[in-house]
Amino acid sequence: MHIDRTEKTFFMFSVALIIVFAIAVGISGMVYGIALPTPPEGFDVNPQTVATPGVSPWGEQPPDARLHELAPGEYEVYILAQTWLYLPNRITIPAGSKITFYVTSKDVIHGFRLDDTNINMMVIPGEVSKLTATFDEPGTYNFVCHEYCGVGHHTMYGQLIVE
Amino acid sequence: MFKRTNKLTGWYLGVAFASLFIGGFFGPFQSLEHAGVNLYPQLQAIGVQSYYQGLTLHGVLNALVFTTFFIVGFMTFSTVNSLKRDLANHTVSVVSLVVMIVGLLIAAVPILLNKATVMFTFYPPLLANEWFYVGLTLVVVGSWIGGLSMYLTVAAWRKENPGESIPFIALASTITMIMWQIASLGVAVEMLILLIPWAFGIASGTDPQLARTLFWFTGHPIVYFWLLPSYVSWYGMMPKQAGGKLFSENLARLVFWLFLLLSIPVGFHHQFVDPGVPAGWKTLHSVLTYSLFLPSMLTAFTVVASLELGGRARGGKGLLGWIRALPWDSPSYTAQNLAMILFLFGGIGGLTNASYNVNLAIHNTSWIPGHFHLTVGSAATLTYFGVSYWLVPKLSGNKLFKPKWALAQAWTWFAGMILFSNGLHVVGLNFGSPRRTMLGVSPYFNDAWSPLLIEAAIGATILGISGLIFYTVIVGTVFSKQKLDAPIEMPVAEAYHDESHVPAWLDSFKPWIIATAVLILVAYGPMLFYFFSNAATRWTSPGFMVW
Ligand code: HEM
Ligand SMILES: [Cu+2]
Ligand SMILES: [Cu+2]
């Protein structure tokens, strides 16, 4: 098969470009820890029972009780997504805190994207979406549903308040 | 020549463009809503119940119906005209067309009645009326039958021409259909095993994560199904229209085989932020997606080199002077060249989306519709428009109506798309505004979005006008009284180098299909096995109609 010299050069250049990109992505993941959500261990959620008190951490009432302080400056929160709200939908933590989100849905698929962070996940019934971020700057950060979840989809959001 | 095939092609194209007309109608309204001009209360007068019903029509009709009908029609036409042999069995193609139309009508009823406002991705547990799923499945099955008709024709041609290699355009068209048939197995399984029994109440629950996985098994390669017909034209036809030759024909064959091999086992790159897919599988699909970048780069090189041959043959001189010498007075050529330029940006954006954790920055933000209006909305759609500027005159026997308007159509699409797409890309990347959302009335609307959403809305309005010009030209051509002076033939580019000898491995289907199947098994087998073997505990989601 005939391949032109310039075309060969161009092809090698493309291969090199891809390798550079792959290395950059690798560094961002391994050195800076920018991670994708993966299935966390130890959960077995059934969307039909997940909201029942006592059955899962998303059933605890009132919803504010689903924010747990693990250690000074270290939190985790269990957010239940449903048409068309998150519970809890107002979360307050002190500046400098690290917080891990565990989000699941009791009805349809939702989304969860938190402003000014690398937190962006699908929220799928039967699965648990988990990501962590640290907040140094005080302020109000919106988390917004970014997957169509019915006719009230555009009203679905919550706020993280860093004091 | 090939009168009956031409007629069939005309039908496919007719349904395609009628669907796009209705689907495309909503585009400008969506963008205007984002910019604060909410016309949906007015649209209720014509029966549109919500933004989301309109968006479902926009996605289903544009991305699923328009594309599939156009592609099956165009690929049938290109195969026959490339082989210079009529369809082996017209009846098969007629059955394909009828099944597709029946499916479309069955699916259309629930959407129009607002009983299937589930977007073109129909992710469960959103539960549409059962006939929506049945109808869409029939459209897919009909497209398979259309593919079968092409294979029968290629096989018959082989028998009649022993020892000859399949001409490039016929080969590329056939590979496109094979790729689609393998790829659409994902959505077929989703429909037949998960959704249809569930929607008819036979199964009580479903597995939303599995459904997404099966959907994207088809959902990534479907973008190549939209794109490859454009590539058939860019490689096989445009060089001829530009007065040039196909720079390296055998490499072009290889590129199509690579698209068959690599288009499918990459679907998890649409599920990077799905909670139920382990990181290892996401990494594997990310790497495979990167390798898919290579045939795309070869395409960029070969197509530009082929056009350069044309520009120089037409007297263009100097480093860039050949560009000006290209046939910019031809609407068909211009539309496709502009589509290519838009696709350059679409390709760069696509690589961003596919870059593993970089996806976190843009997933499901306005960036995404900004991206795919460059790909399916331009590289595919604007190329199909360009093809139509010779194909519709050919099929109707009439001269192109108002060629100057057609030229203006191409340029307005280009200009409108730049504004529209840029606005959406930037607002999504910088501010994370969500897609598929009635942004204008959202409680979290951020005033900083406004200038960008207004830019997009201006672009969308220009695009709407461009679309209207397109329909004027096409309808005008079909009903024109001015007959063609001489019949139009499909443009077929010659090879530049002497490539009359096609290596056997570039001319046989079997090894490539087997390799494709193996790669799919490796990339998808274990996860699908995991999902299906845990069905007892996983199929727990009841359906919801929440619109
Ligand atoms: C007049 C030209 C067009 C305009 C102004 C337009 C506008 C839009 C807008 C603003 C959205 C985003 C809506 C949202 O996320 O809330 C959208 C979505 C979409 N558009 Fe277009 N569009 C046009 C043409 C096309 C064409 C030609 C195609 C494909 C052939 C297309 C395919 C899609 C698809 C698949 C979606 C995604 C729907 C979904 O998220 O379910 N559009 N369009
Ligand atoms: Cu939502
Ligand atoms: Cu993809």
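Residues numbered from 1 in each chain as written. Chains lettered and ligands numbered in written order. Predicted model: local features only at pLDDT ≥ 70, side-chain atom pairs only at ≥ 80, totals over all residues.

Tell me about helix H14 (residues 367-396) of chain B, residues and numbers included.
At Ser388(B), H14(B) is bent by approximately 40°, the largest bend along its length. Burial within H14(B) is extensive, with 28 of its 30 residues counted as buried. (Bend = angle between axes of the 7 residues up to and from the residue. Helix = DSSP H or I, 4+ residues; strand = E, 2+ residues; numbered from the N terminus. Buried ≥ 20, exposed ≤ 12 C-beta atoms within 10 Å, placed from the backbone.)

Lay out the packing of helix H4 (residues 90-112) of chain B against helix H5 (residues 130-160) of chain B with the relevant residues and their values.
Axis angle and axis distance: for two packed helices, these are the angle between their axes and the distance between the axes, and together they describe the pair. Residues and elements named next belong to chain B. Two elements in contact, H4 and H5, have axes whose closest approach is 7 Å; the angle formed by their N-to-C orientations is 165°. Compared by their axis directions, H4 and H5 come out roughly antiparallel. Crossing geometry of H4 relative to H5 is assigned as left-handed. Taken together, the residues of the contact of H4 with H5 break down into 21 nonpolar, eight polar and no charged. (Axes fitted to C-alpha atoms, helices over the stretch in contact; angles between N-to-C directions. Parallel < 35°, antiparallel > 145°, perpendicular 65-115°, else oblique. Left-handed = near helix turned anticlockwise from the far one by under 90°. Nonpolar A, V, L, I, M, F, W, Y, C, P; charged D, E, K, R; others polar.)

For the confidence of the model for chain B, give the residues involved together with the corresponding values.
On average, residues of chain B carry a pLDDT of 94, and 100% of them reach 70 or more. Here the complex is predicted with pTM 0.96, and the ipTM for its interfaces comes to 0.94. (pLDDT = per-residue confidence, 0-100.)

Talk me through the site of ligand 1; I want residue IDs and the actual numbers.
All names here are of chain B. Neighbouring ligand 1 are 25 residues, the closest being Gly27, Gly59, Asn62, Ala63 and Ala460. Looking at the shell around ligand 1, the elements that each hand over two or more residues are helix H1 (3-34), helix H3 (51-83), H14 and helix H16 (450-478). Among the elements that take part in the shell around ligand 1, H3 stands out by supplying six residues, more than any other. (Near = placed C-beta within 6 Å.)

Outline the interface of chain A and chain B, listing residues and values.
Listed as interface residues are 52 residues of chain A and, on the opposing side, 54 residues of chain B. Taken together, the elements giving at least two residues each to the side of chain A that touches chain B come down to helix H1 (5-30), strand S6 (110-114), strand S7 (120-123) and strand S9 (139-144) of chain A. The dominant element in the side of chain A that touches chain B, judged by the number of residues it contributes, is H1(A), at 11 residues. (Contact = placed C-beta atoms within 7 Å.)

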